[in-house]
Amino acid sequence: MFALGALPLVAQYSAYLPPPRHWVLSPGYSFQVFDHFWAGDTRYSLSDLGISGELKQHTVQLGCEYGVSRRVALDASMGYVSTHLPIRSEEGLTDSSLGIRYQLLREHRTRPSRPTLAVRLGAIVEGTYDLHRGLPPTHPGDGASGGELALLFAKAIGRSGLTVYGDLGYRHRAEGVPADVFGTAGLSYGPAHWIRFNAAYRHEQSLTGVDILGPGFVGSWQEVREINRLVETGITLALPRSISWSLYASWNVSGRNTPDRTIIGTYLSWTFGPGPK
């Protein structure tokens, strides 16, 4: 399941839900580039395959959330992706996501130890890009539909401006794509109401599959066992009219059967609806 999806923050859902009857629209753009990748645990360059240059990918995406009630929210994301190599280019709709979140616990000032916890049930709809066999890997997703279940958490640390957040989940897809487990652990800091910084570690790991160029590999990227470890950081600025603007970057720190990539991106979030938030 060697996939070049950009992991945009637009699609990383929070344990904090939108206010009831409010919408959150989040249009965004991300760019990623790599010229090295891991086959098994061995790191190769594209030049080892006789390919000069880098693989570059551009993604535009729209995320949407709606607060059904104080405990329930719906979410969706979709986008369009374009991937380029000197010898090959492709484009199409990204893998899309539909989900529902239910908030199990909510932080409260009278119970300072209580976190905010939510569970998310999501569906994945495969995109319209092409899947190629053999080297080099260029497809921007796994080319398969499926579902996922995740536990989301967040906890503000007193009045320090610090918030701990993250998720832990399981993903299953069709077309022979191995099942995944995934998780994120992050820290957010807001020194003032108009600015917030965040940093996180993200881990995704297939439960089965084969190594690139290893025994059983026949050029089908959907059957590859991928381990993906990334660090990400970002900044969010509050703008007028309930709009915020975020910039983020992400880097692979290690992996298995995965690109050694750098991702940068930006998105806006606009919250609107009837009455007070």
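The sections below set out a description of the structure shown in this document.

The rules behind the values
- Residues numbered from 1 in each chain as written.
- Predicted model: local features only at pLDDT ≥ 70, side-chain atom pairs only at ≥ 80, totals over all residues.
- Heavy atoms only, no water.
- Salt bridge = Lys/Arg side-chain N within 4 Å of Asp/Glu carboxyl O.
- Helix = DSSP H or I, 4+ residues; strand = E, 2+ residues; numbered from the N terminus.
- Buried < 20%, exposed > 50% of the residue type's maximum accessible area, 1.4 Å probe, protein only.
- Pairing = 2+ DSSP bridges.
- Contact = heavy atoms within 4.5 Å.
- Phe/Tyr/Trp six-rings, centres within 6.5 Å; stacked < 30°, edge-to-face > 60°.

## Side note on the pattern of salt bridges
Thinking step 1. Within this structure, the stated rule accounts for 13 salt bridges.
Thinking step 2. For Asp41, the salt bridge is made with Arg256, and the minimal N-O distance between the two is 3.8 Å. Of this pair, Asp41 sits in the loop between β2 (36-39) and β3 (42-45) while Arg256 sits in strand β14 (residues 243-256), and the two are 215 residues apart along the sequence.
Thinking step 3. Given a relative accessible area of 58%, Asp41 falls into the exposed group.

## What to know about the pairing of strand β4 (residues 55-67)
Thinking step 1. Every second residue of β4 is oriented toward a common face, the buried set being Leu55, Gln57, Thr59, Gln61, Gly63, Glu65 and Gly67 and the non-buried set Lys56, His58, Val60, Leu62, Cys64 and Tyr66.
Thinking step 2. Bridge count between strand β1 (residues 23-34) and β4: twelve bridges; the pairing is antiparallel. By the bridge assignment for β4, Pro27 is matched with Leu62.
Thinking step 3. Two strands pair when backbone bridges link them, and β4 and strand β5 (residues 72-85) are joined in this way by twelve bridges, in the antiparallel orientation. Paired with Gly67 across the two strands is Ala73, which belongs to β5.
Thinking step 4. Linking two consecutive strands that pair antiparallel, namely β4 and β5, is a turn of four residues.

## Brief notes about the environment of Glu175
Thinking step 1. Here Glu175 lies in the loop between β10 (162-173) and β11 (180-192).
Thinking step 2. Between the alpha carbons of Glu175 and Lys277 there is a distance of 43 Å; along the sequence they are 102 residues apart.
Thinking step 3. With sequence-adjacent residues up to four places away left out, Glu175 is seen in contact with Gly143, Ala144 and Gln222.

## As for the pairing of strand β12 (residues 195-206)
Thinking step 1. Pairing of β11 with β12 involves eleven bridges; the strand directions are antiparallel. Across the sheet, Ala185 pairs through a bridge with Tyr201, a residue of β12.
Thinking step 2. Counting the residues in the hairpin turn of β11 and β12 gives two residues.

## Points about the packing of aromatic side chains
Thinking step 1. Counting across every chain of the model gives four aromatic pairs.
Thinking step 2. Measuring from centroid to centroid gives 4.6 Å for Trp23 and Tyr66, while their planes differ by 45°, and the two rings are tilted. Separated by 43 residues along the polypeptide, Trp23 in strand β1 and Tyr66 in strand β4 bring together distant segments of the chain.
Thinking step 3. Classification of Trp23 by relative accessible area gives partly exposed; the value is 37%.

## A word on the side chain of Asp167
Thinking step 1. Relative to the assigned elements, Asp167 resides in strand β10.
Thinking step 2. Ignoring anything within four residues of it in the chain, the contact list for Asp167 reads Leu151, Leu152, Phe153, Phe182, Gly183, Thr184 and Arg202.

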